[in-house]
Amino acid sequence: MRHTANAILVIFLIQGLFANAEAQQKASPVDSTVSNVDSMAVESEETEASGRQTDIPLPPEAKWPNAWDAPSDQLENVLQVDAVDISLVIPAARPFDLGTVGQRSPFAFRGDASAQGLVSLDGMVLSNLLTGATNTTVIPFNVMESVSYSGLSELAGMGLSPAAGVLQVNTLNLDSEHPYSKVNFRVGDFGYSDLGITFGMPVSPSTRFLFSGSRQEFDTLFFGPIDERTFERRDLVDSRFFGKVTYRPNNRFELRTVTLFNKNEVESPAAQPPDLIPFMDNSMRKNSRFDQQISLRARALSRLSQDLSGRLHFSRLRQQSFGDSLLFDNKVTALTAEVENEMIFRKHRLALGAGTQLSKLNSNALTEESDALVHVFAREHIMFGQNLGFALQARLEKHSDYSAQILPSVRLNYLLGEQTAFWLGAQRSTRYPTFSERFWPSPFYTGRSDYLVPETIFGMEIGAKLQPSTAVDLEATAYSSHSRDWIADIRFITSAMEEPFGAVNMEPRTVSGLDLKAVLDYSQGGQAGIVASFLYTDKRHRERRLRVPEYSIYTYLEYGRNLFERYVFVKARLSGRFYGKRAGFVYDPGGSFPTPELRPATAIMDGKLTLLFKSATVNVSYENILDRRYELVPGFTMPPRTLRFGIEWEFWD
């Protein structure tokens, strides 16, 4: 009945598209748009004088290139079912095997543990202090406008210097004098559905409001041995709500509040940390997360304060697991306050800042604990002429349970115009054990892990971004990360009950890799591209194997042209996904402990047809054309040949 109703709705939407396109073709053009990047961009004096909302300008020497950017046009081309799919165009991010469903896995950055990297949403850092792995379900991908990845020693703001970099997600930035709304609707085989709505409006000449809500569902999920066609019903439900209010009276001051709420439910073949229940399978997991951040940014207050920014972030994460009559209920709350002041003296940009984070764990299965982390930092950025830039940062931080750390980072940039750059970076970072790694009691665990010490990571990278012509874009980065006191998961070593089962510090491990991207515009509306990532680590020991593919390649060929007297632009895209061998662990139904697995290489082909109208976009995708059996995460078979339909309709009032 529900699928019949969906089909009827689709028919009416398609009928309305051509009528809407013809009406808008005769009407005057839309005089306001949604900006592609929610960032601080330079606005003209004419715009400022008109009284419209303006962005805070940056000095020319502040515009450093970012190696891995994915603007809205790239994100629209990706076959998105979940935010994890953006990893196709960001080679540094890959789905991480945490025993979750493949499309709902957290990100692993550059092949290492998720806890070594950070995810930032409009400047709000989405840390997961419970497990260290930020689930991609919290990212409101229906309003994503751009994604970028900041590697080693890049100036990510507030002194951030995680060992595996920062994935920065930017949402729609409403800069118009008219209300804006968008409806998106997607349906597909195997019970897939996604319904979302976005609404934005100018509350006043200086205040903008944006809201987005969505609900996503899979009725069934295939799972089981890779060589069998067996499957079980797996109900997955995700609900996301996102809100943003921006107050910007002039081009020197901005006050913003961002609110995020996410709730999801999934049936899993076995419980996962920190809610392991031995000898039990098919547990139901529920996760909910609430975040709110208030941020302030002011420019040119005085000679000693060219750029003052601060933010106050509250986060509450709740994870529940149901198994038989047992209930595991874990809650983590955190309050973060940070401030940064930047001063500019000719070619020098000096930044000083500090921050603190207070977090508390409340659990009926683990324990009650509190943590505090404070840091101060200083950063010097100097330009030598018009092309050469040098940045040096020193961060001093103190965790309540561990000794103080001094974390230096250095970066050298050589610029040749806006589209060509070379860089070299190096840094020292620290990764602290998570709540679950320290306080997970179990008869087969070692109990409270007071013996764990933080990881110390030394990293280096060298990269280049080239644009020899307007039709060619090339990017490449080579890197190496060496972890001392590496925190390993004993599940990867053994499942024997007589041995410890948990997190331990092990001998050093080094992960090296190469990220590549090449894009060619061969005609108007035609594009070919490849995005690739290659990883290497010492595989002599089983526990050192990567829990992401040793290589990932995404390649595509696209062609587009105008049809129906330019009422619609049609794009056809054929893409291939190639995944190398990857290690992981699986739970057999009825089993008690995981079994290590090594999955073979896989090649997947997808096709997509996109129709672009004046204010609407229609997508039809045919995924896994070759009907391959594959798994992004071992133990969770991904859907076979799949057809999906989607529509996005934008309105301006």
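Residues numbered from 1 in each chain as written. Predicted model: local features only at pLDDT ≥ 70, side-chain atom pairs only at ≥ 80, totals over all residues. Heavy atoms only, no water.

Caption draft 1: Focus on the nonpolar core. Core analysis: the largest hydrophobic core is formed by 44 residues, its most contacted members being Ile90, Phe107, Phe109, Ile139, Met144 and Val147. Take this core: its biggest share by element is three residues, from strand β7 (residues 144–150). Not counting the four nearest positions on each side in its chain, Phe109 is found in contact with Ala92, Ala93, Gly117, Leu118, Val119, Tyr149, Ala164 and Leu167. If you look at the next biggest cluster of nonpolar residues, it comprises 10 residues, including Phe185, Val618, Phe645 and Trp649. (Core = buried A, V, L, I, M, F, W, Y, C linked by side-chain atoms within 4.5 Å. Buried < 20%, exposed > 50% of the residue type's maximum accessible area, 1.4 Å probe, protein only. Helix = DSSP H or I, 4+ residues; strand = E, 2+ residues; numbered from the N terminus. Contact = heavy atoms within 4.5 Å.)

Caption draft 2: Quick look at the packing of aromatic side chains. Tallying each qualifying case throughout the model produces nine aromatic pairs. For the pair Phe107 and Phe109, a centre-to-centre distance of 6.2 Å together with 40 degrees between the ring planes defines the contact as tilted. Both rings, one in Phe109 and one in Tyr149, keep their centres 6.3 Å apart while their planes meet at 15 degrees; by these two values the pair is stacked. One end of the pair, Phe109, is in strand β4 (residues 107–109); the other, Tyr149, is in strand β7, with 40 residues separating them in the sequence. Between Arg110 and the ring centre of Tyr479, over which it is positioned, the NZ or CZ distance is 4.2 Å. Here the guanidinium or amino end of Arg573 rests over the ring plane of Tyr556, the centre of that ring lying 3.8 Å away. (Phe/Tyr/Trp six-rings, centres within 6.5 Å; stacked < 30°, edge-to-face > 60°. Lys NZ or Arg CZ within 6 Å of the ring centre and 35° of its normal.)

Caption draft 3: Main features of the environment of Leu350. By the element assignment, Leu350 lies in strand β18 (residues 348–363). Ignoring any residue separated from it by four or fewer positions in sequence, one finds Leu350 in contact with Asn341, Glu342, Met343, Arg379 and Glu380.

Caption draft 4: Geometry of the pairing of strand β27 (residues 509–523). Where strand β24 (residues 472–484) lies against β27, 12 bridges are found, and the strand directions are antiparallel. Within β27, the residue paired with Tyr479 across the bridge is Gly513. As paired elements, β27 and strand β28 (residues 526–537) share 12 bridges and run antiparallel to each other. Bridge pairing in β28 links Val519 to Gly529. In sequence, β27 turns back onto β28 through a hairpin of two residues, with Gly525 there showing a positive phi of about 90 degrees. (Pairing = 2+ DSSP bridges.)

Caption draft 5: Highlighting a nonpolar patch on the surface. On the surface, a nonpolar cluster with roughly 670 Å² of combined accessible area is contributed by Tyr247, Leu255, Ile294, Leu296, Leu312, Phe314, Leu335 and Leu358. Secondary structure elements with two or more residues in the nonpolar patch: β15 (283–302) and β16 (305–323). Inspection of the secondary structure puts Leu312 in strand β16. (Patch = residues over 30% accessible without salt bridge, like charges linked within 9 Å, V, L, I, M, F, W, Y side chains within 5 Å. Areas by Shrake-Rupley, 256 points an atom, 1.4 Å probe, with all protein chains shown as cover. Salt bridge = Lys/Arg side-chain N within 4 Å of Asp/Glu carboxyl O.)

Caption draft 6: View of the side chain of Gln357. Note that Gln357 resides in strand β18. Engagement of the side chain of Gln357 in a polar contact is seen with the side chain of Thr336, the distance being 3.1 Å. Beyond its immediate sequence surroundings of up to four residues, Gln357 is in contact with Leu129, Leu335, Thr336, Asp371, Ala372 and Leu373. (Polar contact = N/O pair within 3.5 Å; in protein donor to acceptor, adjacent residues only side chain to side chain.)

Caption draft 7: Geometry of empty space enclosed by the protein. In total, this model carries 11 cavities of 30 Å³ or more according to the counting rule given. A volume near 960 Å³ is recorded for the largest cavity. Along the wall of the largest cavity there are 47 residues; nearest its centre are Leu118, Ser127, Leu129, Gln357 and Leu373. If you list the elements that add at least two residues to the lining of the largest cavity, you get β15, β16, β17 (326–345), β18, β19 (369–384), β20 (388–399), β22 (421–431) and α4 (435–439). Here the lining of the largest cavity takes five residues from β17, the largest share from any one element. Class assignment for the residues of the lining of the largest cavity results in 18 nonpolar, 21 polar and eight charged. (1 Å grid on protein atoms, 1.4 Å probe; cavity = no way out; pocket = protein on both sides within 12 Å on 5 of 7 lines; lining within 4 Å. Points joined across faces, edges and corners; volume = space filled by probe spheres on them. Nonpolar A, V, L, I, M, F, W, Y, C, P; charged D, E, K, R; others polar.)

Caption draft 8: Representation of the pattern of salt bridges in the model. By the definition in use, this model includes 28 salt bridges. Here Arg297 makes a salt bridge to Asp307, at a shortest N to O gap of 2.8 Å. Of this pair, Arg297 sits in strand β15 while Asp307 sits in strand β16, placing them 10 residues apart in sequence. Residue Arg644 is joined to Glu623 by a salt bridge in which the shortest nitrogen-to-oxygen separation is 2.8 Å. Pair noted here: Arg644 is in strand β35 (residues 642–652) and Glu623 is in strand β34 (residues 616–623), with a separation of 21 residues, a long-range link. Glu623 matches Arg644 in its accessibility class, with the two residues each being buried. Among the charged side chains, a salt-bridge network with shared partners connects Lys182, Arg186, Asp194 and Glu648.

Caption draft 9: Expanded view of the pairing of strand β11 (residues 192–204). In this sheet, β11 lies alongside strand β10 (residues 180–188) in antiparallel orientation, the contact comprising nine bridges. In the strand pairing of β11, Lys182 is matched with Thr198. Relative to strand β12 (residues 207–218), β11 runs antiparallel, the two sharing 11 bridges. The partner of Met201 across the bridge, within β12, is Phe209.

Caption draft 10: Here's a closer look at the sheet that holds strand β6 (residues 124–125). Read from one edge to the other, the open sheet built from five strands follows the order β2-β7-β8-β5-β6, with strand pairing classed as mixed. Looking at the sheet topology across the chains shown, the edges are occupied by β2 (68–70) and β6. As paired elements, β7 and strand β8 (residues 166–171) share six bridges and run antiparallel to each other. Of the residues in β8, the one forming a bridge with Tyr149 is Leu167.

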